[in-house]
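Examining the three-dimensional arrangement
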Amino acid sequence: MFLRFIQTAAVGSVVFIAGSAVFPVIKRTLRPIMREVSHDMKFLLVSSGERMQDMVDEVKYERMKNAMDKMDTIECEVYED
């Protein structure tokens with residue numbers, strides 16, 4: 001039982017020391033990658049939002065056009081003074 005605890009503590013210490021040595025390298029490597037991914041995601045969200053708005057506008061236009069086609073015309077006279 002005590003031997004198992006010492007083995008676990010030794011492995012944990014080695015992992016901690018190796019992690020603290022490798023962490024700055026990983027951090028410097030991943031930071032530019034994460035910035036680029038973040039930029040790409042923002043671009044994707046903005047462009048897909050614009051596309052969705054274009055589709056909504058097209059549907060509204062078609063509905064308005066169909067409503068105007070179905071409207072009856074009213075004949076009237078305009079009097080000018």
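The structure this text deals with has already been given above.
Given the structure is predicted, the values throughout are model-derived calculations rather than measurements.

Along its length, the protein carries one helix and zero strands. The principal-axis extent of the C-alpha atoms belonging to the protein is close to 105 × 30 × 20 Å. Here the protein holds 81 residues, and the buried ones make up 1% of them. By element, 65% of the accessible surface of the protein is carried by carbon and sulfur atoms, the whole surface being about 8400 Å². Both charge centroids of the protein, one from 11 positive and one from 13 negative side chains, sit 30 Å from each other.

Okay, a nonpolar patch on the surface next. Taken together, the side chains of V22, I26, L30, I33, M34, V37, M41 and L44 make up a nonpolar region of the molecular surface, amounting to roughly 700 Å² of accessible area. Along the polypeptide, L44 turns up in helix α1 (residues 2–70). By relative accessible area, which is 47% here, L44 ends up partly exposed.

Over its 69 residues, α1 runs only 88 Å from end to end, short of the ideal 102 Å by more than 12%, given 1.5 Å per residue. Maximal helix bending in α1 amounts to about 35 degrees, located at V22; proline P24 follows within four positions.

Further remarks concern a negative patch on the surface. Taken together, the side chains of E50, D54, D57, E58 and E62 make up a negatively charged region of the molecular surface. Along the chain, E62 turns up in helix α1.

What counts and what doesn't
- Residues numbered from 1 in each chain as written.
- Predicted model: local features only at pLDDT ≥ 70, side-chain atom pairs only at ≥ 80, totals over all residues.
- Heavy atoms only, no water.
- Helix = DSSP H or I, 4+ residues; strand = E, 2+ residues; numbered from the N terminus.
- Buried < 20%, exposed > 50% of the residue type's maximum accessible area, 1.4 Å probe, protein only.
- Areas by Shrake-Rupley, 256 points an atom, 1.4 Å probe, with all protein chains shown as cover.
- Lys, Arg positive; Asp, Glu negative; His and termini not counted.
- Charge placed at Lys NZ, Arg CZ, Asp CG, Glu CD.
- Patch = residues over 30% accessible without salt bridge, like charges linked within 9 Å, V, L, I, M, F, W, Y side chains within 5 Å.
- Salt bridge = Lys/Arg side-chain N within 4 Å of Asp/Glu carboxyl O.
- Expected span 1.5 Å × (residues − 1).
- Bend = angle between axes of the 7 residues up to and from the residue.

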